[in-house]
Amino acid sequence: MKLFNNVLVVTSLFLSASAFAHVGLSSSMPPNGAMLSQAPKTLELTFTAPVRLVKLTMQDEKQQSVPLTLPSSAASQAKFSFALPALNAANYTVNWMIMGDDGHKMKGNMSFMLHNSGMNTRSATPHETSKHTAHQ
């Protein structure tokens, strides 16, 4: 019985230690679920511990990919920052795969919405259009 209890305690400690070893996303910019009126210029992902970013994709609701460049360094880090191209109004999903120092791979995602309000979209009025046509 004493041996069984010792094995049970050691197993519990091992399982709880491995559960704490898993790393996750602690914050992002834009924040997960954000509704933005201005397009972000960068995407920032901050994890709870240093990790290697193995895969990163970003798509809009039409499954159109947004080009992102993974860091060239294989060194583990907790914070990653990526320059974003000009974004149109849409719902965006960022999918990531990371590898912890223990070699364990984890996947996750976050999303945000960019809407038209405040974006630099300006359509010409009929008067402006006719003026422009008259000067051709």
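This report concerns the structure included in the present document.

Parameters at a glance
- Residues numbered from 1 in each chain as written.
- Predicted model: local features only at pLDDT ≥ 70, side-chain atom pairs only at ≥ 80, totals over all residues.
- Heavy atoms only, no water.
- Helix = DSSP H or I, 4+ residues; strand = E, 2+ residues; numbered from the N terminus.
- Salt bridge = Lys/Arg side-chain N within 4 Å of Asp/Glu carboxyl O.
- Buried < 20%, exposed > 50% of the residue type's maximum accessible area, 1.4 Å probe, protein only.
- Core = buried A, V, L, I, M, F, W, Y, C linked by side-chain atoms within 4.5 Å.
- Contact = heavy atoms within 4.5 Å.
- Lys, Arg positive; Asp, Glu negative; His and termini not counted.
- Polar contact = N/O pair within 3.5 Å; in protein donor to acceptor, adjacent residues only side chain to side chain.
- Pairing = 2+ DSSP bridges.

## Digging into unusual backbone geometry
(1) Moving on: Omega for the bond connecting Met29 with Pro30 falls within 30 degrees of zero, at 5°, which places this linkage in the cis form.
(2) Moving on: Inspection of the secondary structure puts Pro30 in the loop between strand E1 (25-29) and strand E2 (34-36).
(3) Moving on: In this structure, Gln63 is a non-glycine residue whose phi angle is positive, near 65°.
(4) Moving on: Looking at the element boundaries, Gln63 is found in the loop between strand E3 (42-60) and strand E4 (77-83).

## Things to note about the pattern of salt bridges
(1) Moving on: Scanning the model with the defined rule gives one salt bridge in all.
(2) Moving on: The partner of Lys79 in a salt bridge is Glu44, with the nearest N and O atoms 3.8 Å apart. Of this pair, Lys79 sits in strand E4 while Glu44 sits in strand E3, placing them 35 residues apart in sequence.
(3) Moving on: Overall, the relative accessible area of 48% leaves Lys79 in the partly exposed class.
(4) Moving on: When its relative accessible area of 24% is taken as the criterion, Glu44 is described as partly exposed.

## Describing the nonpolar core
(1) Moving on: By size, the foremost hydrophobic cluster in this structure holds 25 residues, and its most contacted members are Met58 and Phe112.
(2) Moving on: Those elements that provide at least two residues to this core are E2, E3, E4, strand E5 (90-99) and strand E6 (105-114).
(3) Moving on: Considering every element that reaches this core, the biggest residue donor is E3, with seven residues.
(4) Moving on: Those residues in contact with Phe112 that sit more than four places away from it in its chain are Pro30, Pro31, Ala34, Leu36, Pro40, Met58, Leu87, Ala90, Asn91, Tyr92 and Val94.

## What to know about the environment of Ala74
(1) Moving on: Residue position: Ala74 is located in the loop between E3 and E4.
(2) Moving on: Sequence separation between Ala74 and Val51 is 23 residues; the distance between their C-alpha atoms is 9.5 Å.

## Points about the side chain of Asp60
(1) Moving on: Following the sequence through the fold, Asp60 ends up in strand E3.
(2) Moving on: For the buried residue Asp60, which engages in no salt bridge, the nearest side chain bearing the opposite charge is Lys62, 6.4 Å off.
(3) Moving on: In terms of polar contacts, Asp60 uses its side chain to reach the backbone amide nitrogen of Gln64, at 2.9 Å.

## Thoughts on the pairing of E3
(1) Moving on: Taken together, the four bridges between E1 and E3 define a ladder with antiparallel strand orientation. By the bridge assignment, Ser28 is partnered in E3 with Leu45.
(2) Moving on: Note that E3 and E4 share six bridges and pair antiparallel. Opposite Leu43, over in E4, you have Phe82 as the bridge partner.
(3) Moving on: Sheet analysis places E3 next to E5, joined by eight bridges and oriented antiparallel. The residue of E5 that forms the bridge with Leu53 is Ile98.

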